[in-house]
Amino acid sequence: AVTTVEGIGSTKSRLHPVQERISKSHGSQCGFCTPGIVMSMYTLLRNQPDPTVEEIENAFQGNLCRCTGYRPILQGFRTFARVNTVSPNCSLFQQVTLSPSLFNPEEFMPLDPTQEPIFPPELLVDVPQKQLRFEGERVTWIQASTLTELLDLKAQCPEAKLVVGNTEIGIEMKFKNKLFPMIVCPAWIPELNAVEHGPEGISFGASCPLSSVEKILHEAVDKLPAYKTEVFKGVLEQLRWFAGIQVKSVASLGGNIITASPISDLNPVFMASGAKLTIVSAGESYIMPKSGQRGEYFSAFKQASRREDDIAKVTCGMRVLFQPGTAQVKELALCYGGMADRTISALKTTQKQTANSWNEGLLQAVCAGLAEELHLSPDAPGGMVDFRRTLTLSFFFKFYLTVLQKLGKGNVENVSVGVGAKYRLSEVPEGQSEEDMVGRPLPHLASAMQASGEAVYCDDIPRYENELSLRLVTSTKAHAKITSIDISEAQTVPGFVCFISAEDVPGSNKTGILNDETVFAKDEVTCVGHIIGAVVTDTPEHAQRAAQGVKITYEELPAIITIKVTEKGPHRKGGIGKGDLTKGFSEADNVVSGEVHIGGQEHFYLETHCTIAVPKGEQGEMELFVSTQNTMKTQSFVANMLGVPANRILVRVKRIGGGFGGKETRSTVVSTAVALAAYKTGRPVRCMLDRDEDMLITGGRHPFLAKYKVLDVGSYAGDGRDSIMERALLHMDNCYKIPNILGTGRLCKTNLSSNTAFRGFGGPQAMLIAEYWMSEVALTCGLPAEEVSQPGKLEAFTLSRCWDECLASSQYHARRSEIDKFNEENCWKKRGLCIIPTKFGISFGIPFLNQSGALIHVYTDGSVLLTHGGMEMGQGLHTKMIQVASRALKIPISKIYISETSTNTVPNTSPTAASVSTDLNGQAVYEACQTILKRLEPFKKKNPSGTWEEWVKTLKAGSLSLLFETNSGNPFHYFSYGVACSEVEIDCLTGDHKNLRTDIVMDVGSSLNPAIDIGQVEGAFVQGLGLFTLEELHYSPEGSLHTRGPSTYKIPAFGSIPIEFSVSLLRDCPNKKAIYASKAVGEPPLFLAASIFFAIKDAIHAARAKNPDCKMEKLFRLDSPATPEKIRNACVDQFTTLV
Ligand SMILES: Cc1cc2nc3c(=O)[nH]c(=O)nc-3n(C[C@H](O)[C@H](O)[C@H](O)COP(=O)(O)OP(=O)(O)OC[C@H]3O[C@@H](n4cnc5c(N)ncnc54)[C@H](O)[C@@H]3O)c2cc1C
Ligand code: FES
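These numbers were taken from a predicted model, which means no experiment stands behind them.

**Q** I'd like a rundown of the packing of aromatic side chains, residues and numbers included.
**A** To describe a pair of aromatic rings, one takes the distance between the centres and the angle between the planes. What the rule picks out here adds up to 25 aromatic pairs. Seen in terms of ring centroids, tryptophan 358 and phenylalanine 396 are 5.9 Å apart; in terms of plane orientation they differ by 70 degrees. Their pairing is edge-to-face. With tryptophan 358 in the loop between helix H13 (347-351) and helix H14 (360-373) and phenylalanine 396 in helix H15 (residues 385-406), the pair connects residues that are 38 residues apart, well separated along the chain. Relative to tyrosine 400, the ring of phenylalanine 397 lies with its centre 6.5 Å away and its plane at 15 degrees, an arrangement referred to as stacked. Within this pair, phenylalanine 397 and its partner tyrosine 400 are both found in helix H15, separated by three residues, close to a single helical turn. We classify phenylalanine 397 as buried; its relative accessible area is 7%.

**Q** Tell me what's going on with the sheet that holds strand E1 (residues 132-135), and back it up with residues and numbers.
**A** With mixed pairing, the four strands of this open sheet are ordered in space as E1-E2-E4-E3. In the strand order of this sheet, the two ends are held by E1 and strand E3 (161-162), each with one partner. Of the pairings in the sheet, the one linking E1 to strand E2 (residues 140-143) comprises four bridges and is antiparallel in character. Its bridge partner being in E2, leucine 132 is matched across the sheet by glutamine 143.

**Q** Describe the site of ligand 1, listing the residues and the values that go with them.
**A** The environment of ligand 1 is formed by 26 residues, the closest being Leu162, Val164, Thr167, Ser252 and Asp265. Leucine 162 is positioned such that a nitrogen or oxygen atom in its backbone is 2.6 Å from an oxygen atom of ligand 1. Interatomic distance of 2.6 Å between a side-chain N/O atom of threonine 167 and an oxygen atom of ligand 1. Contact with the protein chains covers 86% of the free accessible surface of ligand 1, which is 980 Å². Broken down by secondary-structure element, the contributors of at least two residues to the shell around ligand 1 are E3, helix H7 (169-175) and helix H11 (253-259). The biggest single contributor to the shell around ligand 1 is H11, with four residues.

**Q** How would you sum up the nonpolar core? Please name residues and give values.
**A** Of all hydrophobic cores here, the largest spans 199 residues; its most connected members are Phe77, Tyr336, Trp358, Phe396 and Leu470. Residue contributions to this core peak at 11 residues, all from H15. By size, the runner-up hydrophobic cluster in this structure holds 33 residues, among which are Ala885, Ala888, Ile932 and Trp951.

Conventions adopted
Residues numbered from 1 in each chain as written. Chains lettered and ligands numbered in written order. Predicted model: local features only at pLDDT ≥ 70, side-chain atom pairs only at ≥ 80, totals over all residues. Heavy atoms only, no water. Phe/Tyr/Trp six-rings, centres within 6.5 Å; stacked < 30°, edge-to-face > 60°. Helix = DSSP H or I, 4+ residues; strand = E, 2+ residues; numbered from the N terminus. Buried < 20%, exposed > 50% of the residue type's maximum accessible area, 1.4 Å probe, protein only. Pairing = 2+ DSSP bridges. Near = heavy atom within 4 Å. Polar contact = N/O pair within 3.5 Å; in protein donor to acceptor, adjacent residues only side chain to side chain. Areas by Shrake-Rupley, 256 points an atom, 1.4 Å probe, with all protein chains shown as cover. Core = buried A, V, L, I, M, F, W, Y, C linked by side-chain atoms within 4.5 Å.

Structure (structure tokens):
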């Protein structure tokens, strides 16, 4: 039996406490991740109704959310934890009880495990007694019930593939297009699930899931003497950071070994520990992690981009056995993954150490040996050659220190744990009516439905009876002429209907915001992922096969892959600046110049692009359901492509599962193709991109390369559009008043997928550059960074208040001294601190976009249907609009409903973007409400003590319209301000870093909804944290994107957020320029995550200062993102100089 989120509770009957708590604690924004997170928590509670805080945090290792910043989810779910398990370091729990202002845990339904549905006994599978066989179109799946049967099957059909968890083979089939016609599953064979405890260790059958291995080893560690469990702890250390619970529950031990991945985390441990593997063709197959003996020490290390659920860059198992009673080495084993095409043992180095003592001399000999033995060619797969080689030494150094400490001779620096969060927000004014919801932390109005799985996203719309599936066919070359397209193989796939391309377009094949793109590439392709055509079939599976069957030949042309070589490109944005540079330089004591690169970023909204197009059969009419931030462009591009007027095309959006700018214009590349397929076939057509297609085709944030000369700022380069560069130049001074400044921008056109809007729209990149050279000015002048950017030099109104409050609440000065002390006392761990302001301009750069509309229907029962021009994508826009309408009409929010956004209710809307949607739509809603109220005025006067329903009824009787539409609203020009202070700790040996604490003070005016605004601040901050410290796009030299999914592209996970995370909304700062004195909040806080980047830089500075031998310059380059590789390489020391 499979229980889904719909099976545990519903808004129609009763929500499950898990669903209720995520909803009421504001842990669901777009809601697309919510069912998965709910089910992870539910599963934990079914297995452990009384979990510890740690168990709760670990339960989400396989879940991702791109909206919330994770804090509210953890905070809501920690209310399930045993209270006495909260660590004293953790401020979160105390805060919830002291200040329940965002939600009140006392209102939560209690969890009653006795009320859970029991697992249907008839479905309980113990051990299947007979063989099961499933025949598919191309694959036969056999589940063997006994070992003999398995061996017979293998003997009869040697090429049959064994599959247990399918976590490896599944990926090969889906992404590498491998086909295994016969699959044999040994998952249920008793011998292969056996676990035996013996004197030498524990033996596990090959089909044992990793989660069981983990549980059994934990029990053994608790029971056995410490010296016996050294290896078990090594395996557990690797399993702790190994995939998520979902994967570990199915992935098998045998599968990991046999895959023989060069970055397997377990094989180096097994190899180093001397574990025994039994391979049989007519018997059993076992792996046995060995228990230890006295005088034996074992450690395992792994370094990845992200701690949780990430594959290793380098991983290792290390074992030393000493001669009894001495510190003389008897055996040493150092086994590595990530250093060759298989797991390797550094035999040459280790064999030389027999009989040596565990001392400095051995350390140096091993490091020199490893540096020589573990070589990587400069073009080794996986890159990061210096980093990986350095890691092999750093890991050994850590092992050396650990063993030294166990021998009682050394001191290993300690590690802090725990996750906490606080928030402060302004309360509503005293005397505000209970019914007036403006300023109150109302949960996102759809959150309960999102938590119960009832919320409908585009692809949830049931299939139409005659619906077809579309799959895009895209270029595999970065720049080439198309010489032929052969669809003959695709035509043989069952269910094939047609192939569409530029030839089929009835209107214009030209499309795009600047009308310089094509619906389908014709003759020439300009990037890998360029859409050439699409296949249309009966099912998505057939569409995938058919798309693979389309064969395209190319004649390759020269391609430009990086912006670094395109500085002389044709596009140039004029300079922005003021003052006299020559005079400025002549008067300056110091001149600082340099270069910094800021990488791009993938949106990674959880819901990928999706469109359903339904032809209506009359006069070119078509209805499209689209996951888009831009109904107007979707409509006009489809109309243009089909050659029909816009009034025939209806675009509808219920909600979208995250956008962040990625669905502002790029959604049209899918919707236009799907519309053509629907037009050509006359049938409804659907397409939802797979994650890898989405990442390949739709572009992301623009990378920037900056060259600066302070006080002269040189040229920026970006791969993108004028408006991004314009915003970048307008933010190049961040918050500083600089008398002499000039910025020029150069747009670079590359042969990579077109980039697009992404939260901040060029602003965060430019502000990072500004802070970068500000930090260099501080270092050059020998001034503390916070003095260079102190309040006196900050212009604008509330910024100084934000700065002072942040300095005070973060206890900046006291912590600076503590950090200096910590850095003095610790050699291989360093802490860094940074406080940073932001100032973000609010409005669309193109003036006509600063308008919106609202349509209000008042029905005779008094209920109100509100429609406005904005899309709900998790930012709580609909909730805020209902709050605005509720105050304006003076009716409870329960009477107001928003169903969807569509082109036939509010036409010609601006995209939901640029943080202005609340301002623009809020004002339009307000004005529409005023008109309705004006019409009601006479009836209210006649019956002053009447109710809303009575006035509405009499108005109808008076036959006046209850519908109002406005297409106006003021463009607002103001800034949103904020300040953040962050502290990090870096591991100088591995490049790992921990975000210890962040304090944010944000001016959001008079918040319309503090819960939603705090959610936006945290969500934006964590997205910025990804941009500046984690997320890296990798391309092949030929321009093909390597990072096409969550396995290779790492966005922040639950464990990435600051251990202490405190957000305050500045009090008493009404903003006269927007609805109900509020301020825009979507984009402005994102840049504040740069405080983490600069805190890392500060910590690296401390590490470098400790190594005067290495003769390092005070200024050093740190490109964004500050990944473990860059951090490690910047912490120059004796190990980096060895490789
Ligand atoms: C999201 C995700 C995260 C991951 N993270 C990590 C990680 O952090 N570290 C890491 O090392 N790996 C990781 N992996 C890889 C994978 O999970 C492991 O290698 C896993 O143990 C494979 O087991 P499986 O049962 O799923 O293998 P399957 O996919 O079922 O099979 C894999 C291979 O093993 C063979 N095989 C399976 N059972 C037997 C048997 N009894 N006898 C002989 N051959 C057999 C199969 O024929 C096949 O060739 C991750 C995978 C995913 C999808
Ligand atoms: S709420 Fe988690 S991805 Fe949107």
